[in-house]
Amino acid sequence: MIIMRTGFDGIPESLKESAVIDGAGHLTVLCRIMLPLALPTLAVILLYYGVGHWNAWFNASVFLNDDAKYPLQLILRGILLLNDTTNMTGTTDTETWAAGESIKYAVIVIATLPILCLYPFLQKYFVKGVMIGAVKG
């Protein structure tokens, strides 16, 4: 909310005033002037929200009892925890350890791949949006 507020505060007041003088209403000023200029900030908020929603596993672990309804992140978390518990059993077999580590790294790649695919499309907005939403000191 603070990032959005600061991003909208960065838009010059003269743009809003000139649109009102030209006869634009509040909705027109919002849709045609404010939102296009705040697009980088909106893209940053969208990315933050998307990453937070993608990585959310805790609510599913609390409220779901059926394994068939688990989201992907909770399944991947279970795989990681299973791998950690098999390593704690005291087996020193290097092949088992290497296979467990490979599974762990594959799970991490699967968990981050959708966000990595989304980021290049939002990258051009990301740097500008973070800087616009930054608190000036």
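Residues numbered from 1 in each chain as written. Predicted model: local features only at pLDDT ≥ 70, side-chain atom pairs only at ≥ 80, totals over all residues. Heavy atoms only, no water.

Enquirer: How should the nonpolar core be read in this particular structure?
Expert: Here is a general trend for soluble globular proteins: nonpolar side chains tend to be buried in one another's company. The biggest cluster of nonpolar side chains holds eight residues, and these are Met 4, Phe 8, Ile 11, Ala 19, Val 29, Ile 33, Met 34 and Ala 38. Elements with a minimum of two residues in this core: α1 (2-9) and α3 (26-37). Counting residues per element, this core draws most heavily on α3, which supplies three residues. Among residues more than four places away in sequence, those in contact with Ile 11 are Lys 16, Met 34, Leu 37 and Ala 38. (Core = buried A, V, L, I, M, F, W, Y, C linked by side-chain atoms within 4.5 Å. Buried < 20%, exposed > 50% of the residue type's maximum accessible area, 1.4 Å probe, protein only. Helix = DSSP H or I, 4+ residues; strand = E, 2+ residues; numbered from the N terminus. Contact = heavy atoms within 4.5 Å.)

Enquirer: For this particular structure, what's the right way to read the pattern of salt bridges?
Expert: Close approach of charged atoms lets side chains of opposite charge pair. One pass over the full model with this rule turns up three salt bridges. Between Arg 5 and Asp 9 there is a salt bridge whose closest N-O contact spans 3.3 Å. With Arg 5 and Asp 9 both in helix α1 and four residues apart, the pair spans about one turn of that helix. Its relative accessible area of 57% is what places Arg 5 among the exposed residues. Glu 101 is the salt-bridge partner of Lys 104, the closest N and O atoms lying 3.4 Å from each other. Placement of both Lys 104 and Glu 101 in helix α7 (residues 94-132) is noted, with a separation of three residues, approximately one turn of the helix. (Salt bridge = Lys/Arg side-chain N within 4 Å of Asp/Glu carboxyl O.)

Enquirer: Is there a simple way to explain the packing of α3 against helix α4 (residues 39-54) in this structure?
Expert: Two numbers describe a pair of packed helices, the interaxial angle and the distance between the axes. Relative orientation of the contacting elements α3 and α4 amounts to 60°, with a least axis distance of 4 Å. Together, Leu 35, Pro 36 and Leu 37 of α3 and Leu 39, Pro 40 and Leu 42 of α4 make up the contact between the two elements. Counted by class, the contact of α3 with α4 contains six nonpolar, no polar and no charged residues. (Axes fitted to C-alpha atoms, helices over the stretch in contact; angles between N-to-C directions. Nonpolar A, V, L, I, M, F, W, Y, C, P; charged D, E, K, R; others polar.)

Enquirer: Got a minute to help me understand α4 in this structure?
Expert: In an α-helix, one turn spans 3.6 residues, which is why side chains three or four residues apart end up on the same side. Its 16 residues place the ends of α4 22 Å apart at the C-alpha level, agreeing with the 22 Å of an ideal helix rising 1.5 Å per residue. Every buried residue belonging to α4 is among Pro 40, Thr 41, Ala 43, Val 44 and Leu 47, and all of these are buried. The buried residues of α4 occupy an angular sector of 160° when projected down its axis, which confines them to one face. Structural note: α4 exposes Leu 46, Tyr 49 and His 53 on the side pointing more than 90 degrees away from its buried face. (Expected span 1.5 Å × (residues − 1). Arc of directions from axis to C-beta.)

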